[in-house]
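Chains, contacts and geometry: an overview
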Amino acid sequence: MSESLPNDRGQNKASARILAVLCGFASDTPEFGITELSNVLDMTKNMTYRALTTLVEQGYVVRTAGGARYQLGYRVLELQNNALADPDLRALAAPAIRQIFDLMGETVNLLIRVRDYAVFIDGIETRRAGTYRLEIGGLRPLHGPVSGLVMLAFGPDAEIEDYIARHPSLNYPGREARTEAQFWAEIDAIRERGYGQMLHPGALPMLGVAFPIWSADDKLHGVLATGGPAERVAPLLEESMGRLQQIMSELISRTRLYPARRSDWGFG
Amino acid sequence: MTPPSRRAAINSSASHVFEVLRFVAEAAEPLGVTEIARRLNLPASTVHRALVTLEEANYIQRYQNTPCFELGMMPHLLNRALLNHFALHSYSRPQLHALAAETGHTVSLWYRLGWYGIRIGGAFGSQDIHHRARLGETDLLHRGPGPAAILAYLSSSERQAYARFAKAKFPELPPIGGWEEIEDRLAGLRTRGFARQSLPIARDFHAVALPIYDAREQVVGSLMMEGEFDEVNPSQEMHKAREDIEAGLRAEPKRFESPFSHIDVDEIYIRIIDSNDQP
């Protein structure tokens, strides 16, 4: 079968590959070589080269000054519409939320920071018994859930010290009391790991994991978190952590295009 | 090696896909298969296949569960990625926000790319009542005060080269008053030191734009402010913001070079449509 023929859904495979190669440039990487791009897209070098040739002909990709590499072309400026707003964090994160839910089967939450609170803004709640709830608009103090700790951990130390000064008890329902030193140890562990993981003891021990969503200016847009009963989630996390991190990496390659401050997105 | 006939089929299919994508991008409202096929004079089956391919890859999306399509997320991401390659886009952000906050007016930064101006930065002012401006907006240098504040300060030979390009590629988009009057208008702009234009949004709404110079004393962009003005002149705050941006350009000229500086200006072609001609 010729590769230019449509597949079962009526999609044209060769064109789909060309569009996929162009998608590869929707990241904070300014230019690619063929080998590099074919690795990122998991395509053969030959397919990548052919797609690039078409994209150069169309003007959506141009060769760099040296001629050996490729960069995004100015004709992508034609693909805009004044009447449409830029996507927001919920739109950017929606595919990752769905993928993580499909992978884990547990509740997935998207949270942002508002002052000293983590706020639920989107997600999918599982129908399984014993679960973290998704409460859109709900607030949690930053020292409570693992998502809040991640928001604190990737800020400067001085900001964390100020936070502790405002909330000296660091108590949170369902958690054992902790000292300031223990709190800092939790922060350090998150920084070292690059994401947060926390076991809430109790009648039904719950295990949560939270990933930072990075912006163009190396600040956090928010956090994507999932979790559930430890007995169910721990083995799943062990086998799925690689895929989870891959999903997050794909999401962050897009969120890194936008600055952290929302007012800078659409026009800034 | 791909046989020529098969290769031609791939290119033809890809060119239909991009043709449909550009059409959806330019449309004033979401469009369905039949309408797109009719307007592009393509078989409905070809358009259907192109739409499925584009939707799968996130370039277009269904409009509110209807069989009509509008731009999806991917073109937004590509545009944002392109803007991020212009160092001035993120560098100018604090200055633009400070200027918008101080004056309450919407401000934009236009940058020269070939014979076009691109809006690469901006901040809405608190007094903004209606604005559809967006980053990445591109126009010919003779259209609008932002691009015109760049055109006016090009050398005489560059302005002649520009006129040749614009007349050849965009005969349907002549300057207001025609090509015969443009030199006088640009001379007036240079005498004044800034571009200005009344905006149709409301009475007393205007735009003013100041040229921005780089380290070589070449005009590479312009700073534009839009809003309700008592006097249609650039404010002191606007001059100060321009100075701050120019200081950055002078301090690190290499960093702020255009990502397309290696391409001949006449080769840079970006399709511009008059907003009145939108499908």
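What you see is a predicted model; the values in this text were computed from it and never measured. (Residues numbered from 1 in each chain as written. Chains lettered and ligands numbered in written order. Predicted model: local features only at pLDDT ≥ 70, side-chain atom pairs only at ≥ 80, totals over all residues. Heavy atoms only, no water.)

To continue, consider the overall build of chain B. Counting its secondary structure elements, chain B contains 10 helices and eight strands. Computed over C-alpha atoms, the radius of gyration of chain B comes to 21 Å, within 12% of the 19 Å expected from 2.2 N^0.38 for 279 residues, which places it in the range of a compact globule. The principal-axis extents of the C-alpha atoms in chain B amount to approximately 60 × 40 × 40 Å. Taking all 279 residues of chain B together, 54% fall into the buried category. In chain B, the share of contacts with a sequence separation of at least 24, taken over all contacts with a separation of at least 6, comes to 58%. When the accessible area of chain B is evaluated, it comes to approximately 12,600 Å², of which 47% is carbon and sulfur surface. If you average the places of the 30 positive and of the 35 negative side-chain charges in chain B, the two averages end up 5 Å apart. (Helix = DSSP H or I, 4+ residues; strand = E, 2+ residues; numbered from the N terminus. Rg over C-alpha atoms; globule rule 2.2 N^0.38 Å. Buried < 20%, exposed > 50% of the residue type's maximum accessible area, 1.4 Å probe, protein only. Contact = heavy atoms within 4.5 Å. Areas by Shrake-Rupley, 256 points an atom, 1.4 Å probe, with all protein chains shown as cover. Lys, Arg positive; Asp, Glu negative; His and termini not counted. Charge placed at Lys NZ, Arg CZ, Asp CG, Glu CD.)

Turning our attention to the domain arrangement of chain B. Considered domain by domain, chain B is made up of domain 1 (4-75) and domain 2 (84-267). One C-alpha centre belongs to domain 1 of chain B, the other to domain 2 of chain B, and the line joining them spans 33 Å. (Domains from an automatic or database assignment.)

Two measures describe an aromatic ring pair: the distance that separates the ring centres and the angle between the ring planes. A full pass over the atoms with the stated rule returns 15 aromatic pairs over all chains. For the pair A:F25 and A:F32, a centre-to-centre distance of 5.3 Å together with 90° between the ring planes defines the contact as edge-to-face. The exposure class assigned to A:F25 is buried, which follows from its relative accessible area of 1%. Residue classification places A:F32 among the buried positions, given a relative accessible area of 4%. An aromatic cluster is present here, built from A:Y74, B:F86, B:Y111 and B:F260 joined pairwise through their rings. (Phe/Tyr/Trp six-rings, centres within 6.5 Å; stacked < 30°, edge-to-face > 60°.)

Let's shift gears to unusual backbone geometry. Located in the positive-phi region is A:D42, a residue other than glycine, with phi close to 55°. Along the chain, the position of A:D42 falls in the loop between α2 (34-41) and α3 (45-58).

Attention now moves to the environment of A:R133. Residues and elements named next belong to chain A. The topology assignment puts R133 in the loop between β5 (117-124) and β6 (139-141). Judged by its relative accessible area of 54%, R133 is exposed. Along the sequence, R133 and G222 sit 89 residues apart, while their C-alpha atoms lie 18 Å from each other. Not counting residues within four places of it along the chain, the set of residues in contact with R133 comprises T107, N109, F120 and E125. Of note is the side chain of R133, whose polar atom sits 3.0 Å from the side chain of E125. (Polar contact = N/O pair within 3.5 Å; in protein donor to acceptor, adjacent residues only side chain to side chain.)

So, about the environment of A:A260. For A:A260, the location among the structural elements is in the segment after α8 (230-255). Sequence separation between A:A260 and A:S38 is 222 residues, and the spatial gap between their C-alpha atoms is 30 Å.

The strands that make up a sheet pair up through hydrogen bonds in the backbone, lying either parallel or antiparallel. Residues and elements named next belong to chain A. An order of β6-β5-β4-β9-β8-β7 is seen for the six strands of this open sheet, with the pairing classed as antiparallel. Edge positions in the open sheet fall to β6 and β7 (196-200), since each of these has one partner strand only. Neighbouring strand axes in the sheet, compared pairwise and without regard to direction, differ in orientation by 30° on average. For β5 and β6, the ladder comprises three bridges, and the chain directions are antiparallel. Among the inter-strand pairings, Y117 is bridged to a residue of β6, identified as P141. The strands that helix α5 (residues 146-153) touches are β4 (108-114), β5, β7, β8 (206-214) and β9 (220-229); relative to β8, the one it contacts most, it runs at about 35°. (Pairing = 2+ DSSP bridges. Axes fitted to C-alpha atoms, helices over the stretch in contact; angles between N-to-C directions.)

A separate point is the pattern of salt bridges. Under the criterion given, the structure shown has 29 salt bridges over all chains. The partner of A:R113 in a salt bridge is A:E159, with the nearest N and O atoms 3.4 Å apart. Of this pair, A:R113 sits in strand β4 while A:E159 sits in helix α6 (residues 157-166), and the two are 46 residues apart along the sequence. Given a relative accessible area of 30%, A:R113 falls into the partly exposed group. Among the residues examined, A:E159 registers a relative accessible area of 38% and is labelled partly exposed. The partner of B:R119 in a salt bridge is B:E137, and the shortest N-O contact between them spans 3.0 Å. Of this pair, B:R119 sits in strand β4 (residues 116-123) while B:E137 sits in the loop between β4 and β5 (138-140); the two residues are 18 residues apart in sequence, bridging distant segments of the chain. Here B:R119 and B:E137 have matching classes, each one buried. Because the salt bridges share partners, they merge into one network encompassing A:R113, A:D116, A:E159 and A:R166. (Salt bridge = Lys/Arg side-chain N within 4 Å of Asp/Glu carboxyl O.)

Right, let's talk about the interface of chain B and chain A for a bit. Taken residue by residue, the interface counts 67 residues in chain B and 62 residues in chain A. Both sides of the chain B and chain A interface together cover about 5,800 Å² of buried area, and 59% of this is carbon and sulfur. Applying the counting rule to chain B against chain A returns one salt bridge. Between B:R80 and A:D86 there is a salt bridge whose closest N-O contact spans 2.6 Å. For the pair chain B and chain A, the number of links is 21 residue pairs in polar contact (both at pLDDT 80 or more). When contributions to the side of chain B that touches chain A are tallied by element, the ones reaching two or more residues are α1 (4-26), α3 (44-56), β2 (69-71), α4 (73-84), α6 (93-103), β3 (106-113) and β4 of chain B. (Buried area = accessible area lost by both parts, 1.4 Å probe.)

Residues and elements named next belong to chain B. Counting buried positions along strand β7 (residues 205-213) gives eight out of nine residues, so the element sits mostly inside the fold. In this antiparallel pair of consecutive strands, strand β6 (residues 195-198) and β7, the connection spans six residues, and D204 shows a positive phi of 70°. Strand direction decides the pairing type here: β7 and strand β8 (residues 219-228), joined by nine bridges, are antiparallel. Bridging across to β8, A207 finds its partner in E226. The loop that links β7 with its antiparallel partner β8 comprises five residues; one of these, E217, has a positive phi angle of about 65°.

Moving on to the environment of B:L210. All names here are of chain B. Note that L210 resides in strand β7. L210 sits in the buried class, given a relative accessible area of 1%. In this structure L210 touches A149, G193, F194, G221, S222, L223, P234, M238, H239 and R242, once residues within four positions along its chain are discounted.

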